[in-house]
Amino acid sequence: MHFLTSLLDKFFKIDFWNVFIVKDSFENFLLTKGNNLKKATKISSKKNIFFADPFILKVDNKYVSFLVEDFSFFYGGKLSKIKYNLRNKIIKKKFLLKGKHFSYPYIYNHKNKKYIFPEMSEDNQNLIFELKYNKKIIPIKNYLFGNNIVDPTILYFNKKFWLFCGIKGQNENKNLNLFYTDNLMGNWISHSQNPILKNKNHTRPAGSIIIHKNKIYRPSQDSKEGYGSRLYLNEISLLTESKYKEKVLFKISPTNKVYNGIHHLSYKDNYILFDQKYEKFTTNKILYYLLKKFYFKPFIN
């Protein structure tokens, strides 16, 4: 029976993700230890399409714009820009990038430009893109050749850029790596303690690094009970070229019993976006893996 269950899960079970939004301060998020997420509203997507890994791009009185992994069985994981109307809950979607699989579109603003560091590990590439004002997105630079970077997350601190990430094939769910540079478009140097966190269940990056009242907070995934099962919020207490320390503040579980995972958090201007998953059985899973193997094309720079 266990063998049959495992076989059915392998070929037919897939995680489906929903993105949620809540208006609240980061201070209240800390005070409630993430329980304020229970007040969130689900952002709907079409049937057999899901959104995941939301990163907030812009907030105004009427809209919240964000980038997401936009997944369908028939086109895989693309990057899209979502414009969400706060009044009528209607979304407008624009495709930005497609390849074998794009995810985790980390946004970093630098010198009045918006740079995107998406995960492209299934394309065997690491590329920095610039999001132009005309809504076009163009590749700027390759980085960290020879490593398939997972969930790249950027922080500027003490006059240096810091890149937190996993490396595909190197226990990326349990090992956290760190690189640094003086120039965002320069060469990245490996931290002397890499992996800076090793064989721990709550290390993998899980969204925006947040600076609040001169403290640095890093959300991370906990995969102890399966991929993306819950979140942790960590406070970085020491960050230098030779040392790194962080401490766990609290964990965040799914907001209700419908969902069995939560693995991403983004904060900007008193809005929090996060995603949650539920399991779904579908024959489309087999179709998706066949399309990915034989039809989906890698991104060509």
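Higher on the page you've got the structure.
Here is what the cut-offs are and how they apply
- Residues numbered from 1 in each chain as written.
- Predicted model: local features only at pLDDT ≥ 70, side-chain atom pairs only at ≥ 80, totals over all residues.
- Heavy atoms only, no water.
- Pairing = 2+ DSSP bridges.
- Helix = DSSP H or I, 4+ residues; strand = E, 2+ residues; numbered from the N terminus.
- Axes fitted to C-alpha atoms, helices over the stretch in contact; angles between N-to-C directions.
- Buried < 20%, exposed > 50% of the residue type's maximum accessible area, 1.4 Å probe, protein only.
- Salt bridge = Lys/Arg side-chain N within 4 Å of Asp/Glu carboxyl O.
- Core = buried A, V, L, I, M, F, W, Y, C linked by side-chain atoms within 4.5 Å.
- Contact = heavy atoms within 4.5 Å.
- Phe/Tyr/Trp six-rings, centres within 6.5 Å; stacked < 30°, edge-to-face > 60°.
- Lys NZ or Arg CZ within 6 Å of the ring centre and 35° of its normal.

Novice: What's the story with the sheet that holds strand β10 (residues 137-142) in this structure? I'm lost.
Specialist: Pairing between the strands of a sheet comes from backbone hydrogen bonds, and it takes one of two forms, parallel or antiparallel. With respect to topology, four strands assemble into an open sheet ordered β7-β8-β9-β10, the strand pairing being antiparallel. Only two strands of the sheet have a single neighbouring strand rather than two, namely β7 (103-110) and β10. Mean inter-strand twist for the sheet, computed between neighbouring axes without regard to direction, equals 30°. The sheet contact formed by strand β8 (residues 113-119) and strand β9 (residues 127-131) spans three bridges and is antiparallel. Looking at β9, one finds that Tyr115 is bridged to Glu130.

Novice: Explain the pairing of strand β11 (residues 149-157) here, please?
Specialist: Within a regular beta strand, the side chains point alternately toward one face of the sheet and then the other, so they alternate between its two faces. Counting buried residues along β11, seven of its nine residues qualify, which places the element largely inside the surrounding structure. Bridge analysis of β11 against strand β12 (residues 160-167) gives seven bridges, and the strand direction is antiparallel. Across the sheet, residue Leu155 finds its bridge partner in β12, namely Trp162. Counting the residues that bridge the hairpin from β11 to β12 gives two residues, and of these Asn158 lies at a positive phi of roughly 55°.

Novice: Sorry, what's going on with the sheet that holds strand β13 (residues 177-181) here?
Specialist: Judged by pairing direction, the sheet is antiparallel, and its four strands sit side by side in the order β11-β12-β13-β14 without closing on themselves. For this open sheet the edge positions go to β11 and β14 (189-190), each flanked by a neighbour on one side alone. Where β13 lies against β14, two bridges are found, and the strand directions are antiparallel. Of the residues in β14, the one forming a bridge with Tyr180 is Ile189.

Novice: When you look at the pattern of salt bridges in this model, what are you seeing that I'm missing?
Specialist: Proximity of charged atoms lets side chains of opposite charge pair with each other. Evaluated as defined, the whole model comprises 14 salt bridges. Between Asp222 and Arg230 there is a salt bridge; the shortest N-O distance is 3.2 Å. Asp222 sits in the buried class, given a relative accessible area of 3%. The shortest N-O distance in the salt bridge between Arg230 and Glu225 comes to 3.5 Å. Assessed through its relative accessible area of 14%, Arg230 is described here as buried. Overlapping salt bridges, with partners in common, bring together Glu119, Asp151 and Arg204 in one network.

Novice: I tried to follow the nonpolar core on my own but got confused; where do I start?
Specialist: Buried together is how nonpolar side chains tend to be arranged in soluble globular proteins. Ranked by internal contacts, the top residues of the largest apolar core, which has 32 residues, are Phe117, Phe129, Tyr143, Ile154, Leu184 and Trp188. Elements supplying a minimum of two residues to this core: β3 (49-59), β6 (91-97), β7, β8, β9, β11 and β12. In contact with Tyr143, other than residues within four places in its own chain, are Phe117, Asn126, Leu127, Ile128, Ile149, Pro152, Leu163 and Trp188. Counting 19 residues, the second largest nonpolar core, distinct from the first, contains Leu30, Tyr217, Leu233 and Ile252.

Novice: What is the right way to read the packing of aromatic side chains from this model?
Specialist: Across all of its chains, the model carries 25 aromatic pairs by this definition. Note on Phe71 and Phe73: the rings are 5.7 Å apart at their centroids and 75° apart in plane angle, and the pair reads as edge-to-face. Given the relative accessible area of 3%, Phe71 is considered buried. An angle of 80° between the planes, with centres 5.4 Å apart, marks the rings of Tyr75 and Phe95 as edge-to-face. Of the two residues, Tyr75 sits in the loop between β4 (63-72) and β5 (76-85) while Phe95 sits in strand β6, which places them 20 residues apart along the sequence. On the accessibility criterion, Tyr75 (18% relative accessible area) is buried. Judged by relative accessible area, which is 39%, Phe95 ranks as partly exposed. Among the aromatic residues, ring-to-ring pairing joins Phe16, Phe20, Phe50, Phe71, Phe73, Tyr259, Phe274, Tyr278, Tyr288, Tyr289, Tyr295 and Phe296 into one connected group. The ring of Phe294 has Lys293 lying over it, and the distance from NZ or CZ to the ring centre is 5.7 Å.

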